[in-house]
Amino acid sequence: MSTTTRQTNLILNQDWKTIYQTFQNADFKSYDFENLRRVMITYLRENYPEDFNDYIESSEYLALIDAVAFLGQSISFRIDLASRENFLELAERKESVLRLARMLSYNA
């Protein structure tokens, strides 16, 4: 219960402009294909050195890692596009702008 109260106080005490600015400046470059692939291979090398030691490019495991990295990049890109539509200054679709205006009780 104290954790919920603390989280509520943190959110309510922040200025909405500060929160909006952090979302506007969100950078999703860390979710690109190369970085995701590198992080997964590093994780495997550190935690499973005996089980996984085949790092040649024609390995089936590296093909699976490449597929997961591609899906991670694709999903993060789609989430970024969808989240930008929730802010009036960043919205590009007409439907998103009209929904945001209706939420503020503005009849366009």
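Structure's up top.
Residues numbered from 1 in each chain as written. Predicted model: local features only at pLDDT ≥ 70, side-chain atom pairs only at ≥ 80, totals over all residues. Heavy atoms only, no water.

Enquirer: Looking at this structure, I do not really get the environment of Ser-74. What am I missing?
Expert: With respect to the helices and strands, the residue Ser-74 is situated in helix H4 (residues 60-84). It is 8.8 Å that separates the C-alpha atoms of Ser-74 and Phe-33, two residues lying 41 residues apart in sequence. (Helix = DSSP H or I, 4+ residues; strand = E, 2+ residues; numbered from the N terminus.)

Enquirer: Got a minute to help me understand helix H5 (residues 94-103) in this structure?
Expert: In an α-helix, one turn spans 3.6 residues, which is why side chains three or four residues apart end up on the same side. Here H5 has its buried residues at Ser-96, Leu-100 and Ala-101. Taken down its axis, H5 places every buried residue within 135° of arc, on the same side. The outward face of H5, more than 90 degrees from its buried face, is lined by the exposed residues Lys-94, Arg-99 and Arg-102. Backbone geometry just downstream of H5 places Ser-105 in the positive-phi region, at approximately 60°. (Buried < 20%, exposed > 50% of the residue type's maximum accessible area, 1.4 Å probe, protein only. Arc of directions from axis to C-beta.)

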